[in-house]
Amino acid sequence: MTYQLSNWIVQKFGGTSVGKFPVEIVDEIIKFYTTEAGNNVAVVCSARSSYTKAEGTTSRLLRCCDLASQELDFTEVIEAVRQDHVQNAEIHIQNPVLQTKLIADTNKELDLVVRYLEASKVLGEVSARTSDLVMACGEKLSCLFIASLCNDRGCKAQFVDLTHLLPSDYNVSVIDNSFYTLLVECLKNKLKPFVNSKERIVPLLTGFFGLVPNGLLNAVGRGYTDLCAALIAVALNADELQVWKEVDGIFTADPRKVPQARLLNSVTPEEAAELTYYGSEVIHPFTMEQVIRAKIPIRIKNVQNPKGEGTVIYPDDMAKRGESTPPHPPEALSQSFFEKRRRGATAITTKNDIVVLNIHSNKKTLSHGFLAQIFTILDKYKLVVDLISTSEVHVSMALPIPDADSTRALKLAVEKLKSLGTVDIIRKMAIVSLVGKQMKQFIGIAGSMFTTLAENNINIEMISQGANEINISCVIDEANSLKALKSIHGKLLDEKPPSNSFEHAINERLEQIKKMDL
Ligand SMILES: Nc1ncnc2c1ncn2[C@@H]1O[C@H](COP(=O)(O)OP(=O)(O)O)[C@@H](O)[C@H]1O
Ligand SMILES: N[C@@H](CC(=O)OP(=O)(O)O)C(=O)O
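The residue numbers shown here count from 1 along each chain, following its written sequence. Key to labels: chains lettered from A, ligands numbered from 1, both in the order written. Per-residue local features of the predicted model are confined to residues with pLDDT of at least 70, and side-chain atom pairs are confined, for both listing and counting, to 80 or more; whole-chain, interface and lining totals are unaffected and use all residues. Note that water and hydrogens are dropped before the side-chain values are worked out from all heavy atoms of the structure.

As recorded in an unreviewed UniProt entry, the chain goes by the name Aspartokinase, listed as coming from Torulaspora globosa. UniProt positions are given in the numbering used here, feature names are shortened, and annotations may be inferred rather than shown by experiment. What the UniProt record of the chain gives under Sequence similarities (unreviewed entry) is the line "Belongs to the aspartokinase family."

Encoded structure:
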């Protein structure tokens, strides 16, 4: 069978990258791949953030929804978004015709949002659908801007709005694979003109897709653009999904906190998801399943260092596209691929703003339905449990409580939980997680981790081990989280494992598959 690569690459840019490095994105990345590398490129952007995501456009738009639902005035916030985007257009777009058009399009989108918000304010309620429509504006403004900047700098691009991607009569309550299959079909239709075009035009796709049943925020949550980019990569049968960030890739620990952290050449999808869940926001956990099903590798790259190799996310036990079994004869691949896999931990991460919730049953033994009752209450208040450990009459849980809303919810839940037994909570805690697909010497590694904490006088409040041995986690005092991170990294991750051949294996394999006539 002869297998043809599609030559499509999907590039996803996060909000802070669009905010801080738009010119580099266009000149050094999009233009490089479309001209020098000769790829067909599709670009997906999130809403702009000039400084941090927390102060970015999506957060501001959601704040407007909040205000409208309380029948409060949102004008100041929406005008800040307008001013920010208009100023940005004036600074970056040189061609006066393109600049005028961008400012007009920006104002048009914001005027529409004002209309949605005004209506909600009158009702004193913002539905999930309205909140989606308001939120979508962030990605629209960002993509209108990058499309305009591309055209301004000599790279032909076209804005593509995915807000109404799904048929308006589509209505389901569960989001499963058939839902994603439908989305991919809709995307294929949207992208057909670009795929069939003789001229190379870069589609600039809004990293928001809608309108999702129950709202995108409820179904996917913040960071939804990664998933959107993954679905686009599947629709285009792309050779690679590139997720561009402000770090060189995935490190053995957050490089801002641990200067000795090492860049990893490859990680498995499970490891990437686990790192994101436990505090290192590398990639939205839903992203992997979609692209890996289509055998498309994900590459994390740095907008400030486009020539870097980055980190590839791909399973270590799965064939690539066009490959029903791993390539034959085996000699086609160098010995390094088959050499022993990494056996230690891959990375360490910490997650702050954790509350430990202890419930001691008032019955002598764990009564029937005790856990079910606890989870029903937590579910009612939309509280998520990150870790749990139970004994016969005692349950300890670690919950992320990062903001005022979750603090309020916890308070209400605790009142209800008191009917089941004695409840106490410990605030200002942190989860420390050691992640590694190949932690074969699991007991030894867990032992080293806990001994290191003891040597540093760090008390362990709770211990939990994932069922698949990919994650060893414990809960400690938040004040000690940096010390724990650094000391465990020093003990288990500072030095490269004896054989780093596996690290390079995925890149090497990708190269070789490209050269093979499968
Ligand atoms: N193990 C890790 N590897 C890489 N980055 C990490 C890790 N843990 C935490 N981080 C942090 O995650 C952030 C992700 O990059 P950034 O580009 O800022 O995200 P976004 O695309 O969401 O704007 C970086 O600031 C980095 O310090
Ligand atoms: N703008 C959305 C979606 C997103 O994915 O953002 P980012 O790619 O900047 O994390 C958010 O803030 O959640």
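Asks: Would you mind showing me how to read the overall build of the chain here?
Replies: Elements are defined by DSSP. Helices are runs of H or I of four residues or more, strands are runs of E of two residues or more, and each kind is numbered from the N terminus. The secondary structure content of the chain amounts to 17 helices and 14 strands. Only heavy atoms enter the contact rule, under which two residues are in contact if any of them lie within 4.5 Å. A separation threshold of at least 6 residues defines the contact pool for the chain, and within that pool the share at least 24 residues apart is 78%. Note on areas: these come from Shrake-Rupley sampling with a 1.4 Å probe, and a residue is covered only by the protein chains present in the view. Carbon and sulfur atoms make up 51% of the accessible area of the chain, which amounts to about 23,300 Å² in all.

Asks: Whenever I open this one, the sheet that holds strand E6 (residues 266–267) confuses me. Can you help?
Replies: Adjacent strands of a sheet pair through backbone hydrogen bonds, lying either parallel or antiparallel. Here, strands pair whenever DSSP counts at least two bridges between them. The strand order across the open sheet formed by eight strands is E3-E4-E2-E1-E5-E7-E8-E6, and the pairing between neighbours is mixed. Only two strands of the sheet have a single partner each, and these edge strands are strand E3 (157–160) and E6. Angles run from 0 to 180 degrees between N-to-C directions of axes, and those axes are lines fitted to C-alpha atoms, restricted for helices to the stretch in contact. Against the sheet, helix H2 (residues 22–36) contacts strand E1 (8–13), strand E2 (40–45), strand E4 (202–206), strand E5 (240–245) and strand E7 (298–302), and its axis sits at roughly 165° relative to E1. Contacting E1, E2, E4 and E5, helix H9 (residues 225–236) runs over the sheet at an angle of about 170° to E1.

Asks: Please explain a nonpolar patch on the surface as it appears in this structure.
Replies: Patches draw on residues past 30% relative accessible area with no salt bridge. Two like charges within 9 Å are joined, as are two nonpolar side chains (Val, Leu, Ile, Met, Phe, Trp, Tyr) within 5 Å. Whenever Lys or Arg places a side-chain nitrogen within 4 Å of a carboxyl oxygen from Asp or Glu, that contact is recorded as a salt bridge. Residues Leu371, Phe375 and Ile388 make up a contiguous nonpolar surface patch of about 210 Å² in total accessible area. Residue placement: Phe375 occurs in helix H13 (residues 370–380). Exposure remark for Phe375: the relative accessible area of 34% places this residue in the partly exposed category. Exposed residues in this analysis have more than 50% of their type's maximum accessible area, buried residues have under 20%, and partly exposed residues fall in between, with area computed by a 1.4 Å probe over protein chains only.

Asks: Would you mind going over the site of ligand 1 with me for this structure?
Replies: Whether a residue is near a molecule or strand depends on its heavy atoms: if one lies within 4 Å, it is near. Taken together, Thr16, Lys245, Glu246, Val247, Gly249, Ile250, Phe251, Ala253, Asp254, Pro255, Arg256 and Ser280 form the complete shell of residues around ligand 1. Think of a polar contact as two N or O atoms within 3.5 Å of one another; within protein, one of them needs to be a possible hydrogen donor and the other a possible acceptor, and neighboring residues in sequence only count if both atoms come from side chains. One nitrogen or oxygen atom from the side chain of Asp254 is found 2.6 Å from an oxygen atom belonging to ligand 1. The contact in question runs from a nitrogen atom of ligand 1 to an N or O atom on the side chain of Ser280, over 2.8 Å. Contact with the protein chains hides 85% of the accessible area of ligand 1, taken as 570 Å² for the molecule alone.

Asks: Please clarify how the pairing of strand E11 (residues 394–400) should be interpreted in this entry.
Replies: Two faces, one strand: in a regular strand the side chains alternate between the faces of the sheet. Here E11 lies mainly inside the structure; six of its seven residues are buried. In this structure, strand E9 (residues 347–361) lies alongside E11, joined through seven bridges in antiparallel fashion. Within E11, the position partnered with Ile354 by the bridge is Pro400. Sheet analysis places strand E10 (residues 387–390) next to E11, joined by four bridges and oriented antiparallel.

Asks: Where do I start with the environment of Thr252 in this structure?
Replies: Tracing the backbone shows Thr252 in the loop between E5 and E6. Excluding residues within four positions of it along the chain, Thr252 makes contact with Ala261, Arg262, Leu264, Thr346, Ala347, Ile348, His489 and Leu493. Of note is the side chain of Thr252, whose polar atom sits 2.8 Å from the backbone nitrogen of Arg262.

Asks: Looking at this model, I keep getting lost on the site of ligand 2. Mind explaining?
Replies: The environment of ligand 2 is made up of Lys12, Gly14, Gly15, Ser46, Ala47, Lys53, Thr58, Glu139, Arg222, Gly223, Tyr224 and Thr225. Side-chain polar atom of Ser46 to an oxygen atom of ligand 2: 2.5 Å apart, as the coordinates give it. In this structure, Lys53 approaches ligand 2 through a side-chain N or O atom, which is 2.6 Å from an oxygen atom. About the coverage of ligand 2: the protein hides 91% of its 340 Å² of free accessible area. Only Asp, Glu, Lys and Arg are considered charged in this grouping, and only Ala, Val, Leu, Ile, Met, Phe, Trp, Tyr, Cys and Pro are considered nonpolar; every other residue, Gly among them, is considered polar. Broken down by class, the residue content of the shell around ligand 2 amounts to two nonpolar, six polar and four charged.

Asks: I'm lost on the domain arrangement of the chain in this one. Help?
Replies: It is common to report an interface's size as the accessible area lost on association of the parts. Split into domains, the chain comes out as domain 1 (8–313) and domain 2 (347–493). Opposite the 19 residues of domain 1 that make contact, domain 2 presents 20 residues. A quick way to say it: buried area is the sum, across both parts, of accessible area lost when two parts are put together, with a 1.4 Å probe. Of the roughly 1,600 Å² buried between domain 1 and domain 2, counting both surfaces, carbon and sulfur atoms make up 60%. Our count for the domain 1 to domain 2 interface comes out at zero salt bridges. For each domain, the first and last residues come from an automatic or database assignment.

Asks: Whenever I open this one, the side chain of Asp239 confuses me. Can you help?
Replies: Its place among the elements puts Asp239 in the loop between H9 and E5. Asp239 gets classed as buried once you look at its relative accessible area, which sits at 16%. A polar contact of 3.0 Å, which involves the side chain of Asp239, links it to the backbone nitrogen of Ser6. Among the polar contacts made by the side chain of Asp239, one reaches the main-chain amide nitrogen of Asn7 at a distance of 2.8 Å.

Asks: What is the right way to read the pattern of salt bridges from this model?
Replies: Pairs can form between side chains of opposite charge whenever their charged atoms are close. Tallying each qualifying case throughout the model produces 19 salt bridges. Across the salt bridge formed by Arg408 and Asp405, the nearest N and O atoms sit 2.4 Å from each other. Of this pair, Arg408 and Asp405 both sit in helix H14 (residues 404–417), three residues apart, which is roughly one turn of the helix. A residue is classified by how much of its surface remains accessible, and Arg408, at 51% relative accessible area, is exposed. Connected through shared salt-bridge partners, Asp27, Lys31 and Arg153 make up one network.

Asks: What is the right way to look at the packing of aromatic side chains in this model?
Replies: What characterises a pair of aromatic rings is the spacing of the ring centres plus the angle enclosed by the ring planes. By convention, a stacked pair of Phe, Tyr or Trp rings (six-membered ring in the case of Trp) has centres within 6.5 Å and planes under 30 degrees apart, an edge-to-face pair has planes over 60 apart, and any other such pair is tilted. Applying the stated rule across the entire model yields five aromatic pairs. Measuring from centroid to centroid gives 6.1 Å for Phe13 and Trp244, while their planes differ by 25°, and the two rings are stacked. Of the two residues, Phe13 sits in strand E1 while Trp244 sits in strand E5, which places them 231 residues apart along the sequence. When its relative accessible area of 0% is taken as the criterion, Phe13 is described as buried. Ring geometry for Phe32 and Tyr33: centres 5.3 Å apart, planes at 85°, overall edge-to-face. Taken together, the ring pairs connect Phe13, Phe32, Tyr33 and Trp244 into an aromatic cluster.

Asks: Mind showing me how you'd approach helix H4 (residues 75–92) here?
Replies: Expected span of a helix: the number of residues minus one, times 1.5 Å. The terminal C-alpha atoms of H4 lie 26 Å apart, and with 18 residues this matches the ideal 26 Å at 1.5 Å per residue to within 8%. When we look at burial in H4, the residues that qualify are Val77, Ile78, Val81, Arg82, Asp84, His85, Val86, Asn88, Ala89 and His92. Check the buried side of H4 and you find it contacts H2, helix H3 (57–69), helix H5 (96–123) and helix H6 (128–152).

Asks: It is not clear to me how the nonpolar core should be interpreted in this structure. Could you clarify?
Replies: In a soluble, globular protein the nonpolar side chains are often hidden away together inside. Note on terminology: a nonpolar core comprises buried Ala, Val, Leu, Ile, Met, Phe, Trp, Tyr and Cys residues joined through side-chain atoms within 4.5 Å. The biggest cluster of nonpolar side chains holds 61 residues, and the ones touching the most others in it are Val10, Phe209 and Ile232. The element contributing the most residues to this core is H9, with 10 residues. Both of domain 1 (8–313) and domain 2 (347–493) provide at least three residues apiece to this core. If near-sequence neighbours (up to four positions away) are discounted, Val10 is found in contact with Ala42, Val44, Ala229, Ile232, Ala233, Leu236, Ala238, Glu240, Leu241 and Gln242. Listed in part, the 30 residues of the second largest apolar core include Val18, Cys45, Val86 and Cys143.

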